[in-house]
Amino acid sequence: MTLTKRFSFLLCYVLPLLVVLAESFGGVTYLIVPLTVFIVLPVLDLIVGKDDSNPPEIKFLNLQNDPFFRYLTQVWAFLQIIFVIWSVYRIVLYPHSVMEFFLFAIAVGIVTGGIGITVGHELGHKNNRYEQFLAKMIYMTVCYMHFYIEHNRGHHTNVSTPNDPASSKKNQSFYQFYPQTVIGAYKSAWSLEKKRLSKLGLNVLHYRNEMIWYSIITILFLVSMVIFGTILSGGEIPIEVLGFLLLQSFVAFSLLEMTNYIEHYGLMRKEVNGGKFERVLPVHSWNQNYFVSNALLFQLQRHSDHHANAGRRYQALRHYEEAPQLPFGYELMILIALLPPIWFRMMNPILESWEKNQKITS
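Treat the numbers as computed from the prediction; the structure is a model and nothing was measured. (Residues numbered from 1 in each chain as written. Predicted model: local features only at pLDDT ≥ 70, side-chain atom pairs only at ≥ 80, totals over all residues. Heavy atoms only, no water.)

### Things to note about the nonpolar core
Alright, step 1. The biggest cluster of nonpolar side chains holds 93 residues, and the ones touching the most others in it are Ile-115 and Trp-343.
Alright, step 2. Other than its neighbours up to four places away in sequence, Trp-343 contacts Tyr-261, Ile-262, Tyr-265, Met-333, Ile-336, Ala-337 and Asn-348. (Core = buried A, V, L, I, M, F, W, Y, C linked by side-chain atoms within 4.5 Å. Buried < 20%, exposed > 50% of the residue type's maximum accessible area, 1.4 Å probe, protein only. Contact = heavy atoms within 4.5 Å.)

### Topic: the pattern of salt bridges
Alright, step 1. In total, this model carries eleven salt bridges according to the counting rule given.
Alright, step 2. Taking the shortest distance from any N to any O, the salt bridge between Arg-313 and Glu-131 comes out at 2.8 Å. Taken together, the positions of Arg-313 in the loop between α13 (303-308) and α14 (330-337) and Glu-131 in helix α7 (residues 129-141) put the pair 182 residues apart, joining distant regions of the chain. Glu-131 matches Arg-313 in its accessibility class, with the two residues each being buried.
Alright, step 3. Where Arg-312 meets Asp-305, a salt bridge forms, and the shortest distance between an N and an O atom there is 2.9 Å. (Salt bridge = Lys/Arg side-chain N within 4 Å of Asp/Glu carboxyl O. Helix = DSSP H or I, 4+ residues; strand = E, 2+ residues; numbered from the N terminus.)

### Quick word on helix α6 (residues 98-124)
Alright, step 1. At Gly-116, α6 is deflected by roughly 35 degrees, the largest bend along its length.
Alright, step 2. Within α6, 23 of the 27 residues are buried, which leaves it mostly tucked inside the rest of the structure. (Bend = angle between axes of the 7 residues up to and from the residue.)

### So, helix α8 (residues 147-158)
Alright, step 1. Counted at 1.5 Å a residue, the expected span for α8 with its twelve residues is 16 Å, but the 14 Å between its end C-alpha atoms falls short.
Alright, step 2. All buried positions along α8 are accounted for by Phe-147, Tyr-148, Ile-149, Glu-150, His-151, Gly-154, His-155 and His-156.
Alright, step 3. Check the buried side of α8 and you find it contacts α6, α7, α9 (174-199), α10 (210-232), α11 (239-263) and α13.
Alright, step 4. A positive backbone phi angle near 60 degrees is found at Ser-160, which sits one or two residues after α8. (Expected span 1.5 Å × (residues − 1).)

Structure follows, in structure tokens:
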């Protein structure tokens, strides 16, 4: 891996700095965060171009085990906690207009969701408890801890099948998909825990139910932040802290679900026998290789390899040419997904052309 690519993964750390800068000026300067993510970065994608390179097989294990890349994600988990606590501190002690309050929460949510949940997703797939703990800590800050259960044990099993609430169907708009994935993923997480506990001979309301603990932990986090705000304000309970944290959480997990919508749109695994589906292959996820957006998102856009090899660390993910390719990076695709007529006009022909080529080659 080149030094340029190696250090490109530090790009994500620019976003919280932009939020701090915007908070010091106030007003409309908070818009620097969404403008950077959704306009500047896509332009840089087009200027810098794509990176289709794959790690050489002989260097794969060294790259996979390089501690530099592991530390980048682990450090972010602690940064996110500090960042959220700092945002509460600013909300309590510094006056914000209604507009500033909302713009500040949106800017924070873009960081805690766009980067934070991406890092949590990376850490949550690792097989050591420390990194799994850090993933859950990140999800706690955006009130989405059930994602740890549903994504790892549900989505990765049922991806690109009718059984997966996080897989979008062809001609399904994002607005139709959103309640399906938000409500469906939460229900799925409870169902998965019920099934796990049942195998142990335990009731769903048993204290070992992780969903119960995740609910308690999230509530305790929110309460602790309100208490922290109360101390800062000299005894007055700052209800706005709760509203701020819930709003930034909504922005954060909505970005996650927009990404889910993009990653598997219209792709279906073949049913092979009585409700069983073919194994997950790289062709069951959309792929993209724009250098800048892949650097920002820890190569999440190499989603095809991620689903085929879920334990593989982000720096070692491979490009699969045979997988369906998105026309742009996630940042721009998210904006397009918010406009269903444009989304369908762009994506359906790409999907249909890819499906036709698959039939020819199979």
